[in-house]
Amino acid sequence: MFAAVAIFVLLVVLLAPSWVVLYLRRMTFGKALEAAWRVWIAQVITSIALTVLADRHGFLNPAGYTLGICLSVGFAGALFLRLKIE
């Protein structure tokens, strides 16, 4: 159960910046999904790949670098989504 909660929290941290960008643009639900589903898939794949890469390099504090990766990829995805919408 703890793993499911942790994955949910990391997904929220990862996708929340994109949701904020879409909310501030006052997009409807259908337009938001159309604009963002590719970006969200790319964010999830990129964060998984970077987490595995950091683990292979032997970084210490897996919770810290996983949270850092999710935050940075989330903000990068939100920036890309904002530039794509404009």
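The structure reproduced in this document is the subject of the present report. (Residues numbered from 1 in each chain as written. Predicted model: local features only at pLDDT ≥ 70, side-chain atom pairs only at ≥ 80, totals over all residues. Heavy atoms only, no water.)

1. Details of the overall build of the protein
Secondary structure assignment for the protein yields 3 helices and 0 strands. From first element to last, N terminus to C terminus, the protein shows the α and β order α-α-α. Overall size of the protein, expressed as C-alpha extent along the three principal axes, is 40 × 30 × 15 Å. Within the span of the protein, comprising 86 residues, buried residues form 28% of the whole. (Helix = DSSP H or I, 4+ residues; strand = E, 2+ residues; numbered from the N terminus. Buried < 20%, exposed > 50% of the residue type's maximum accessible area, 1.4 Å probe, protein only.)

2. Focus on helix H2 (residues 29-56)
A rise of 1.5 Å per residue sets the reference length of H2, with its 28 residues, at 40 Å; its end C-alpha atoms lie 39 Å apart and thus fit the reference within 8%. At Ala36, H2 shows its strongest bend, of approximately 50°. Buried residues along H2 sit against helix H1 (2-24) and helix H3 (62-85). Gly58, located one to two residues past H2, shows a positive phi value of around 80°. (Expected span 1.5 Å × (residues − 1). Bend = angle between axes of the 7 residues up to and from the residue. Contact = heavy atoms within 4.5 Å.)

3. Regarding a nonpolar patch on the surface
On the surface, Met1, Val5, Phe8, Val9, Val12 and Trp19 cluster together into a nonpolar patch covering about 640 Å² of accessible area. Exposure remark for Met1: the relative accessible area of 83% places this residue in the exposed category. (Patch = residues over 30% accessible without salt bridge, like charges linked within 9 Å, V, L, I, M, F, W, Y side chains within 5 Å. Areas by Shrake-Rupley, 256 points an atom, 1.4 Å probe, with all protein chains shown as cover. Salt bridge = Lys/Arg side-chain N within 4 Å of Asp/Glu carboxyl O.)

4. What to know about the layout of surface pockets
The computed volume of the largest pocket comes to approximately 180 Å³. What lines the largest pocket is Ile7, Leu10, Leu11, Leu14, Val44, Ser47, Ile48, Thr51, Thr66 and Cys70. Elements with a minimum of two residues in the lining of the largest pocket: H1, H2 and H3. Here the residues of the lining of the largest pocket sort into 7 nonpolar, 3 polar and no charged. (1 Å grid on protein atoms, 1.4 Å probe; cavity = no way out; pocket = protein on both sides within 12 Å on 5 of 7 lines; lining within 4 Å. Points joined across faces, edges and corners; volume = space filled by probe spheres on them. Nonpolar A, V, L, I, M, F, W, Y, C, P; charged D, E, K, R; others polar.)

5. With respect to the side chain of Thr66
Within the fold, Thr66 resides in helix H3. In this structure Thr66 touches Leu10 and Thr51, once residues within four positions along its chain are discounted.

6. What about the nonpolar core?
Listed in full, the 12 residues of the largest apolar core are Leu14, Leu15, Leu22, Ala32, Ala36, Val39, Trp40, Ala54, Tyr65, Ile69, Val73 and Leu81. When contributions to this core are tallied by element, the ones reaching two or more residues are H1, H2 and H3. Considering every element that reaches this core, the biggest residue donor is H2, with 5 residues. Setting aside anything within four residues of it in sequence, one finds Ala36 in contact with Leu22 and Leu81. (Core = buried A, V, L, I, M, F, W, Y, C linked by side-chain atoms within 4.5 Å.)

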